[in-house]
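Now for the letters of each chain:
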Amino acid sequence: MNRFFRAISGFFLSERGQLAFAMLLLVLVPATLVLNSLIAIQSAQRNMTLELQRKSRLAERILQVTVKDFVGDAKKLQQVVVNVKNSDSEIWGVDVLTPTDATANTFTVVASTETKNVGQSVDANTAQKPVLDYNLKISWLQDQMIASTTFSSDASTVNQKFLPGDKNQRFWVVVSPLQNSSGVKTALVSLKLSSQIIDDNTQAAVTRAIGVLVASILIIVLLLAANTRLFQYTVLFRKLKEVDQMKDDFISVASHELRTPITGIRGYVSMVADGSLGPISPETKKALDVVAQSAERLNGLVEDLLNVSRIEQGRLDLELTQVDPLLVINEVITELMPMANDKHLEVAYKGPATLPTLSLNHDRFKQVMVNLVGNGIKYTPKGSVHIEVDQQPKNIRLKVSDTGLGMSPADMQRLFTKFYRIRNDGTKDIAGTGLGLWITKEIIERMKGTIEVESIEGTGSQFIVTFPLSKKA
Ligand code: ADP
């Protein structure tokens, strides 16, 4: 079951799956909208038709009451019928008919809104449009009201001719027998009621619905297009992440593999250089010193790369203990003193004689201080590098300041990004990777500290590191 779900989700996450899904949506969503609109329109039309049918039946009943008393008087009846028609534009025609025999096969028009029809005979069985005319016979014989709908082109009942230019309009024809006051059937009343207004409204509603439908489909197509583009970005992003991972893996493996030969070179060079393997000439010593320096630089680079991959893969050892910062600062000064002496720089600690212990990782904190003080020495041609410390209520602030090259505000903006090195006349002969400050910042932040920089080009720089005081302290 699990495998089934994995296969399904795998398919949907694949490029082909996404495309198929988008195509499916492209068909399904508009189809659902069309179906929904069709159902809504149909139901609205059905309701309107029923309403019109009810209305025409009602009108027929009122008409019956109106003409009832005039059936015996042909002239008056004709007048009433014409008046009824003129009273409302929806009424298309009124006819009053009487059967010529008991079987109701033919009817005679006794009054009609089409005056020329008066006196004409209508064959209920053989008329051109039997459906309508046959209704006359059924209505009369079964004594019931019959309402049916037809179109103006079909409406030949009692030979009514429509005006030329009339559209093929729909209307209701309602026929019902008329009874006199003693309940005897005396005539048949036929009413034609136009459904023009309602049909026009329905048509307008349909047009509107189609407009909304087209707009909705357009929006959906646009959304799907955007979705497809978003998906492409997702695929691209995933690929980029894979490439990034490959790069990290490569750096990690390569730097690990480089470490062993570098250790070998450093060890043997130092053994040869210090005469452990036999006496060497001063020239050889000089050459070996250059080799040793190069090996040191290579080692620094490999260590930096290893640190980058450890940080990025979350493998940095960050076990915290209580660390006395002053001890570490003194260790760093001692280690870097030879480098400072080479350049005749003063390196000194300026701060309280004792400091509270901090919750830090000893080696990582030392690495931070080596990087900052080391940079101070590296980028200071003459003068000094000082380490100042001041204790605040909740923090301890360590300031590494130098009287070196300094940096412009523009240079400082990207200072803590990976591989960034400031390139100018002052730095062009100084070797480095551009990784030190990035590593420093990452380590500091992982130990809940912060780092800031202040600098004036040509005057010097200050790196200010803040760590929270341990709760115990
Ligand atoms: P690297 O020193 O290996 O080039 P870093 O990440 O340690 O890399 O430093 C990045 C850049 O910041 C350096 O190339 C240098 O231009 C500048 N920089 C760092 N520390 C100082 C400093 N104390 N004074 C002046 N410039 C500095």
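### Quick word on the pairing of strand β13 (residues 460–468)
- Of all 9 residues in β13, 7 are buried, a share of seventy percent or more.
- In the sheet, strand β11 (residues 395–402) pairs with β13 via 7 bridges, with the strands oriented antiparallel. Counted as the bridge partner of Ile396 is Phe467 from β13.
- As paired elements, strand β12 (residues 450–456) and β13 share 7 bridges and run antiparallel to each other.

### Looking at the site of the ligand
- Close to the ligand lie 19 residues, the nearest being Asn375, Tyr379, Arg421, Thr433 and Leu437.
- A distance of 3.1 Å is found between an oxygen atom of the ligand and a side-chain nitrogen or oxygen belonging to Lys378.
- In isolation the ligand has 530 Å² of accessible area, and contact with the protein removes 97% of it.
- Listed by contribution, the elements that provide at least two residues to the shell around the ligand are α8 (362–378), α10 (436–446) and β13.
- Broken down by element, the shell around the ligand gets its largest block of residues, 3 residues, from α8.
- Classifying every residue of the shell around the ligand by side-chain character gives 8 nonpolar, 8 polar and 3 charged.

### Some points on the packing of helix α7 (residues 325–342) against α8
- Close contact between α7 and α8 brings their axes to 9 Å; oriented N to C, the two are set at 40 degrees. By the angle between their directions, the pair α7 and α8 is classed as oblique. Crossing angle aside, the handedness with which α7 passes α8 is right-handed. Listed contacts from α8 to Pro325, Val328, Ile329, Glu331, Val332, Glu335, Leu336, Met339 and Ala340 of α7 are His362, Phe365, Lys366, Met369, Val370, Val373, Gly374, Ile377 and Lys378.

### Here's the deal with unusual backbone geometry
- Even without a glycine there, the phi angle at Phe419 is positive, about 65 degrees.
- Tracing the backbone through its elements, the reader meets Phe419 in the loop between α9 (409–413) and α10.
- According to the relative accessible area criterion, Phe419 is partly exposed, its value standing at 49%.

### Observations concerning the packing of helix α5 (residues 196–273) against helix α6 (residues 282–312)
- Put simply, α5 and α6 touch, their axes get as near as 8 Å, and they point 155 degrees apart. Considered as vectors, α5 and α6 are oriented roughly antiparallel to each other. Regarding α5 and α6, the two cross each other, and that crossing is left-handed.
- Considering only residue class, the contact of α5 with α6 consists of 15 nonpolar, 5 polar and 9 charged.

### A short note on the sheet that holds strand β4 (residues 146–151)
- What the 6 strands build is an open sheet, ordered β3-β2-β1-β6-β5-β4; its pairing is antiparallel. Edge positions in the open sheet fall to β3 (121–123) and β4, since each of these has one partner strand only. Each strand axis lies, on average, 30 degrees off the axis of its neighbour in the sheet, ignoring direction.
- In this sheet, strand β6 (residues 185–194) lies alongside strand β5 (residues 170–179) in antiparallel orientation, the contact comprising 9 bridges. Paired with Pro177 across the two strands is Leu188, which belongs to β6.
- Running at roughly 155 degrees to strand β1 (residues 91–99), helix α3 (residues 74–87) makes contact with β1 and β2 (106–112) of the sheet.

### Some details on the pattern of salt bridges
- In total, this model carries 16 salt bridges according to the counting rule given.
- The shortest N-O distance in the salt bridge between Asp244 and Lys247 comes to 3.2 Å. A residue pair is termed a helical-turn pair when its members lie 3 or 4 positions apart in one helix, as Asp244 and Lys247 do in helix α5 at 3 residues.
- Note on Asp244: relative accessible area 38%, which makes it partly exposed.
- The shortest N-O distance in the salt bridge between Glu303 and Arg259 comes to 3.1 Å.

### Some words on the environment of Gly314
- By secondary structure assignment, the location of Gly314 is in the loop between α6 and β7 (321–323).
- Judged by relative accessible area, which is 60%, Gly314 ranks as exposed.
- In this structure, the C-alpha to C-alpha distance between Gly314 and Asp274, residues 40 residues apart in sequence, is 40 Å.

### Digging into the sheet that holds β12
- The mixed open sheet is built from 5 strands, whose spatial order is β8-β10-β11-β13-β12. The outermost strands of the open sheet, each flanked by one partner alone, are β8 (346–350) and β12. Neighbour-to-neighbour, the strand axes of this sheet turn through a mean angle of 15 degrees, independent of strand direction.
- Pairing of β8 with strand β10 (residues 384–391) involves 5 bridges; the strand directions are parallel. Across the sheet, Ala348 pairs through a bridge with His386, a residue of β10.
- Against the sheet, α7 contacts β8, β10 and β11, and its axis sits at roughly 170 degrees relative to β8.

### A few points about the nonpolar core
- Ranked by size, the top nonpolar core spans 48 residues in total, and within it Phe365, Leu372, Val373, Ile377, Phe463 and Phe467 carry the most contacts.
- Looking at which element gives the most residues to this core, the answer is α7, with 7 residues.
- The next biggest cluster of nonpolar side chains, apart from the first, holds 20 residues, and it includes Ala111, Met145, Trp172 and Val174.

### Focus on the packing of aromatic side chains
- Tallied over the entire structure, the rule returns 1 aromatic pair.
- Aromatic side chains Phe365 and Phe467 sit 5.8 Å apart centroid to centroid with 75 degrees between the ring planes, which places their arrangement in the edge-to-face category. Of the two residues, Phe365 is situated in helix α8 and Phe467 in strand β13; the sequence distance between them amounts to 102 residues. Take Phe365 and Phe467: they sit in the same class, and that class is buried.
- Note that Lys185 overlies the ring of Trp140, its terminal NZ or CZ placed 4.9 Å from the centroid.
- Directly above the aromatic system of Trp438 lies the positively charged group of Lys418, at a separation of 5.0 Å from the ring centroid.

Scoring rules and cut-offs
Residues numbered from 1 in each chain as written. Predicted model: local features only at pLDDT ≥ 70, side-chain atom pairs only at ≥ 80, totals over all residues. Heavy atoms only, no water. Buried < 20%, exposed > 50% of the residue type's maximum accessible area, 1.4 Å probe, protein only. Helix = DSSP H or I, 4+ residues; strand = E, 2+ residues; numbered from the N terminus. Pairing = 2+ DSSP bridges. Near = heavy atom within 4 Å. Polar contact = N/O pair within 3.5 Å; in protein donor to acceptor, adjacent residues only side chain to side chain. Areas by Shrake-Rupley, 256 points an atom, 1.4 Å probe, with all protein chains shown as cover. Nonpolar A, V, L, I, M, F, W, Y, C, P; charged D, E, K, R; others polar. Axes fitted to C-alpha atoms, helices over the stretch in contact; angles between N-to-C directions. Parallel < 35°, antiparallel > 145°, perpendicular 65-115°, else oblique. Left-handed = near helix turned anticlockwise from the far one by under 90°. Contact = heavy atoms within 4.5 Å. Salt bridge = Lys/Arg side-chain N within 4 Å of Asp/Glu carboxyl O. Core = buried A, V, L, I, M, F, W, Y, C linked by side-chain atoms within 4.5 Å. Phe/Tyr/Trp six-rings, centres within 6.5 Å; stacked < 30°, edge-to-face > 60°. Lys NZ or Arg CZ within 6 Å of the ring centre and 35° of its normal.

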